[in-house]
Amino acid sequence: MSSGPATARRGAAHALQALRAVVLREVLKFSQQTGRLLSALVRPLLWLAVFAAGFRHVADASLQQPYDVYIVPGLVGMVLLFNGMQSSLSMVYDREMGLMRLLLTAPLPRPWLLFCKLCATALLSALQALAFVALALLIGTELPGHWAHGLHALLALLAAALMLGALGLLLSVHIKQLENFAGTMNFVIFPMYFLSTALYPLQQLQASGVQWIHQAARLNPFTHAVEWMRLALYGQDPGNAPWVVLGCLALFFTLACWGYDPQRGFGQLAKRGGG
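Residues numbered from 1 in each chain as written. Predicted model: local features only at pLDDT ≥ 70, side-chain atom pairs only at ≥ 80, totals over all residues. Heavy atoms only, no water.

### Remarks on the overall build of the protein
Selection criterion: Counting from the N terminus, the helices are DSSP H or I runs at least four residues long and the strands are E runs at least two residues long. Relative accessibility thresholds used throughout: buried, under 20% of the residue-type maximum; exposed, over 50%; partly exposed, between the two (1.4 Å probe, protein chains only). To measure how exposed things are, a 1.4 Å probe is used in the Shrake-Rupley method; for residues, cover is taken only from the protein chains shown.
Counting its secondary structure elements, the protein contains 13 helices and 0 strands. Along the protein, helices and strands appear, N-terminal first, in the series α-α-α-α-α-α-α-α-α-α-α-α-α. Among the 275 residues that make up the protein, the fraction classed as buried is 45%. Working note: accessible area of the protein is about 13,800 Å², and carbon and sulfur atoms make up 68% of it.

Here it is in structure tokens:
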């Protein structure tokens, strides 16, 4: 009778140990990739310092706020998006080298192992995004400073990091070789980023008269992630944005777990002799 709870405790301890090991491995690997951190910060900082400066006089009047303040949540989303896609490349590389296949043979449920990988990706994304926010503050960008709004925005940031990390997991199912990565990412990153409210409000898209762009931005889950962070900073009601982000997170992660089934994901890879 007493073996049941003891076995459950050992199982929980084993699962938490796996989570710590996977997260620690990704953090240590990232700490040795200084160029990856610099590229993650330089890209949005250039947009903030150059792009925002060029459009400031045009956009400030219509937005009723400084343009550099407006685009910071969108640039935070850029950091999360690129790191989520970078995690997809890491998954493909680990699969080709056999490390991911070895991990998935551990005596733990496959969804839990993928969840460990997702948590590691989201943690790295959040740390990079917070580093960018700190640099944005240092160069003079004035963000709303209420601590409660900041905590809400941090929650939105973590949810967006998890959603985009789950999207990266899902994409890694379908990218069979490293050579196909760049082309696939071009069809994901740029449409998802530019067909969103990261750089301009949804109302301006509608007023421009190009209705298909407006509708595409409304249906884009990245739009809702950015809007959740942006509205949270100002203490405004994010509407249905949290539900869209969390719903897409659940959908992407469920499909990724289904795709990593041995009969569909690595089973086919083994048949063709990959890795």
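Still to come is the rest of the account.
### Overview of the environment of Tyr260
Secondary-structure assignment places Tyr260 in the loop between helix H12 (241–259) and helix H13 (266–271). In this structure Tyr260 comes out as buried when scored by relative accessible area, which is 2%. Expressed as a C-alpha distance, the spacing of Tyr260 and Leu170, which sit 90 residues apart in the sequence, is 8.9 Å.

### Examining the layout of surface pockets
Short version of the rule: Buriedness for pockets is judged along seven lines, at least five of which must meet protein on both sides within 12 Å for an open set on the 1 Å grid over protein atoms alone, while cavities are sets there where a 1.4 Å probe fits but cannot get out, and lining residues have an atom within 4 Å of a point. Grid points are joined across faces, edges and corners, and a volume is the space filled by probe spheres set on the points. Amino acid classes used here: Ala, Val, Leu, Ile, Met, Phe, Trp, Tyr, Cys and Pro are nonpolar; Asp, Glu, Lys and Arg are charged; the rest, including Gly, are polar.
The calculated volume of the largest pocket comes to roughly 470 Å³. Taken together, 19 residues make up the lining of the largest pocket; nearest its centre are Thr197, Leu202, Gln203, Glu227 and Leu231. Residue assignment for the lining of the largest pocket shows that the elements contributing at least two residues are helix H9 (202–207), helix H11 (221–233) and H12. It is H11 that provides the largest number of residues to the lining of the largest pocket, a total of 5 residues. Taken together, the residues that form the lining of the largest pocket break down as 8 nonpolar, 8 polar and 3 charged.

### Thoughts on the pattern of salt bridges
Rules: Basic side-chain nitrogens of Lys or Arg form a salt bridge, by our definition, when they fall within 4 Å of a carboxyl oxygen of Asp or Glu.
The tally for this structure, following the rule as stated, stands at 4 salt bridges. Among the ionic pairs, Arg25 bridges to Glu26, the shortest N-O distance being 2.8 Å. With relative accessibility at 36%, the residue Arg25 sits in the partly exposed group. One salt bridge connects Glu26 with Lys29, and the closest N-O pair in it is separated by 3.7 Å. Here Glu26 pairs with Lys29, and both are found in helix H1 (residues 3–31), just 3 residues apart, close to one helical turn.

### With respect to the packing of aromatic side chains
The geometry of an aromatic ring pair comes down to the distance between the two centres and the angle between the two planes. The condition is simple: Between the rings of Phe, Tyr and Trp (Trp by its six-membered ring), a pair exists once the centres lie within 6.5 Å; its type follows the angle of the planes, with under 30 degrees stacked, over 60 edge-to-face, and the other angles tilted.
Going through the model one piece at a time under the given rule, you end up with 8 aromatic pairs. Consider the rings of Tyr67 and Tyr70, whose centres lie 6.3 Å apart with planes at 15°: the pair is stacked. Placement of the pair is Tyr67 and Tyr70 together in helix H3 (residues 67–97), with a separation of 3 residues, close to one helical turn. According to the relative accessible area criterion, Tyr67 is buried, its value standing at 4%. Overall, Tyr70 belongs to the buried group, its relative accessible area being 5%.

### Comments concerning the packing of helix H6 (residues 147–174) against H12
Put simply, the test is: With axes taken as lines fitted to C-alpha atoms, and helix axes fitted only over the stretch in contact, angles between N-to-C directions fall between 0 and 180 degrees. Here the angle decides the label: under 35 degrees means roughly parallel, over 145 means roughly antiparallel, 65 to 115 means roughly perpendicular, and every other value means oblique. Crossings are assigned a handedness: left-handed for a near helix turned anticlockwise from the far helix by less than a right angle, right-handed for a clockwise turn. Between two residues, a contact is recorded if the distance between any of their heavy atoms is within 4.5 Å.
Contact geometry for H6 and H12: axes closest at 8 Å, N-to-C directions at 25°. Classified by the angle between their axes, H6 and H12 sit roughly parallel to one another. Here the hand of the crossing between H6 and H12 comes out left-handed. Across the interface between the two elements, Ala159, Ala160, Leu162, Met163, Ala166, Leu167, Leu169, Leu170 and Val173 of H6 pack against Val245, Leu246, Cys248, Leu249, Phe252, Phe253, Leu255, Ala256 and Gly259 of H12.

### Things to note about the nonpolar core
Condition: Buried residues of nine kinds, namely Ala, Val, Leu, Ile, Met, Phe, Trp, Tyr and Cys, make up a nonpolar core once their side-chain atoms join them within 4.5 Å.
Residues Val76, Leu80 and Phe132 are the most contacted members of the largest nonpolar core, which totals 59 residues. If you list the elements that add at least two residues to this core, you get helix H2 (34–63), H3, helix H5 (110–138), H6, helix H8 (189–194), H11 and H12. Apart from residues no more than four positions distant in its own chain, Val76 is found in contact with Ala129, Phe132, Val133, Leu157 and Met229. Counting 5 residues, the second-largest nonpolar core is a separate cluster that includes Leu19, Val22, Cys116 and Ala120.

### Regarding a nonpolar patch on the surface
As a reminder, the rule being used: Exposure above 30% relative accessible area and no salt bridge define the residues that can form patches, which grow by joining like charges within 9 Å and nonpolar side chains of Val, Leu, Ile, Met, Phe, Trp and Tyr within 5 Å.
Taken together, the side chains of Leu130, Trp147, Leu151, Leu154 and Leu158 make up a nonpolar region of the molecular surface, amounting to roughly 500 Å² of accessible area. If you trace the backbone, Leu154 turns up in helix H6.

### Observations concerning the packing of H5 against H6
Helix packing for two helices is described by the angle between their axes and how far apart those axes are. At their nearest, the axes of H5 and H6 sit 8 Å apart, and the two run at 130° to each other. Relative to H6, the element H5 lies oblique. In this structure, H5 meets H6 at a crossing whose hand is right-handed. Counting all contacts with H5, which are made through Leu114, Lys117, Leu118, Thr121, Ala122, Ser125, Ala126, Ala129 and Leu130, the residues of H6 involved are Leu154, Leu157, Leu158, Ala161, Leu162, Gly165, Ala166 and Leu169.

### Comments concerning the confidence of the model for the protein
Here is the rule we go by: Scored from 0 to 100, pLDDT records how confident the predictor is in each individual residue.
When pLDDT is averaged along the protein, the result is 80; 80% of the residues meet or exceed 70. Per-element confidence in the protein ranges from a low mean pLDDT of 43 for H13 to a high of 94 for H11. Note that pLDDT drops below 50 for residues 265–275; the model gives that stretch 21 contacts with residues more than four away or on any other chain.

### Some thoughts on H11
Applicable threshold: One less than the residue count of a helix, multiplied by 1.5 Å, gives the span that helix is expected to have. Polar contacts here mean pairs of N or O atoms no more than 3.5 Å apart (in protein, one a potential hydrogen donor and the other a potential acceptor; neighbouring residues in sequence count only if both atoms are side-chain atoms).
An ideal rise of 1.5 Å per residue puts 18 Å on 13 residues; H11 measures up with 19 Å between its terminal C-alpha atoms. Here H11 lies mainly inside the structure; 12 of its 13 residues are buried. Turning to H11, its buried residues are Pro221, Phe222, Thr223, His224, Ala225, Val226, Trp228, Met229, Arg230, Leu231, Ala232 and Leu233. For H11, the N-terminal cap is Asn220; the gap from its side-chain oxygen to the backbone nitrogen of Phe222 is 3.0 Å. Where H11 terminates, the next one or two residues include Gly235, which has phi positive at roughly 70°.

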